[in-house]
Amino acid sequence: TPLQALVLLNDPQFVEAARVLAERTIKEGGSTTRERLAYAFRLSTSRRASKEELSILHAEFNDRIDEFKSNPGAAKSYLAGGGAHKANPALDPAELAAYAAVCSLILNLDESISKS
């Protein structure tokens with residue numbers, strides 16, 4: 001529902017979950033963006049992303065990284081979205097924010113929310 005989507009995209013717990021998933025993705029997901037996005041998708045949905053899904057996620061990541069690199073303040077603001085776990089200062093804020101935005105999208109998928 002629209003209300004559910006609003007909560008999943010904006011609630012501090014979900015923002016924090018996306019940020020922590022993004023950190024894990026950067027640290028453990030491989031060395032390329034595609035490997036990392038595939039890793040985050042698999043952790044969240046328990047299945048491998050199709051080529052089409054991965055292409056969509058990659059395009060979204062590219063849009064977000066461009067946005068956050070051109071506006072570092074927006075990246076820092078996005079990462080300060082709440083929760084007890086603060087963003088890892090050792091990671092590039094623009095990159096972390098871009099991954100967090102895509103992880104938020106992944107966590108908002110129906111198959112991430114409910115397993116059937």
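Refer to the structure printed above.
Residues numbered from 1 in each chain as written. Predicted model: local features only at pLDDT ≥ 70, side-chain atom pairs only at ≥ 80, totals over all residues. Heavy atoms only, no water.

Caption draft 1: Structural view of helix 6 (residues 93-107). The end-to-end C-alpha separation of helix 6 is 20 Å, in line with the 21 Å expected for 15 residues at 1.5 Å each. For helix 6, the tally of buried residues reaches eleven of 15 residues, placing the bulk of the element in the interior. (Helix = DSSP H or I, 4+ residues; strand = E, 2+ residues; numbered from the N terminus. Expected span 1.5 Å × (residues − 1). Buried < 20%, exposed > 50% of the residue type's maximum accessible area, 1.4 Å probe, protein only.)

Caption draft 2: Fine view of the packing of aromatic side chains. Overall, the coordinates contain two aromatic pairs when judged by the stated rule. With centroids separated by 4.4 Å and ring planes inclined at 40 degrees, the aromatic side chains of F61 and Y99 adopt a geometry described as tilted. Of this pair, F61 sits in helix 4 (residues 51-70) while Y99 sits in helix 6, and the two are 38 residues apart along the sequence. A relative accessible area of 5% places F61 in the buried class. Here F68 and Y78 contribute two aromatic rings whose centre-to-centre distance is 5.6 Å and whose plane-to-plane angle is 45 degrees, an arrangement assigned as tilted. A residue pair is termed long-range when its members are at least 10 positions apart, and F68 in helix 4 and Y78 in helix 5 (residues 72-79) qualify at ten residues. (Phe/Tyr/Trp six-rings, centres within 6.5 Å; stacked < 30°, edge-to-face > 60°.)

Caption draft 3: Up close: the pattern of salt bridges. Inspection of every chain in the model, using the stated rule, returns five salt bridges. Between E95 and R36 there is a salt bridge whose closest N-O contact spans 3.0 Å. Remark: R36 occurs in helix 3 (residues 33-45) and E95 occurs in helix 6; sequence separation between them is 59 residues. Where E67 meets R64, a salt bridge forms, and the shortest distance between an N and an O atom there is 2.1 Å. Residue E67 and its partner R64 are located together in helix 4, separated by three residues, close to a single helical turn. Judged by its relative accessible area of 36%, E67 falls in the partly exposed class. Salt bridges sharing common partners tie together E60, R64 and E67. (Salt bridge = Lys/Arg side-chain N within 4 Å of Asp/Glu carboxyl O.)

Caption draft 4: Quick peek at the environment of D63. Secondary-structure assignment places D63 in helix 4. C-alpha separation for the pair D63 and A98, spaced 35 residues apart in sequence, amounts to 8.3 Å.

Caption draft 5: Local environment of the side chain of R19. Summarising the element assignment, R19 is placed in helix 2 (residues 12-28). One buried charged side chain, R19, makes no salt bridge at all; its nearest oppositely charged neighbour is E16, positioned 4.4 Å away. Non-local contacts of R19, meaning those with residues more than four positions away in its chain, are made with L79, G81, G82, H85, K86, A87, L96 and A100. (Lys, Arg positive; Asp, Glu negative; His and termini not counted. Contact = heavy atoms within 4.5 Å.)

Caption draft 6: Structural view of the nonpolar core. Within the largest apolar cluster, 26 residues are counted, with the highest numbers of intra-cluster contacts made by L37, F61 and F68. For this core, the elements supplying multiple residues, two or more each, are helix 2, helix 3, helix 4, helix 5 and helix 6. Considering every element that reaches this core, the biggest residue donor is helix 6, with ten residues. Aside from chain neighbours lying at most four places away, what touches L37 is L54, L57, H58, F61, Y99, V102 and I106. (Core = buried A, V, L, I, M, F, W, Y, C linked by side-chain atoms within 4.5 Å.)

Purely spatial values, then, with no claim about function.
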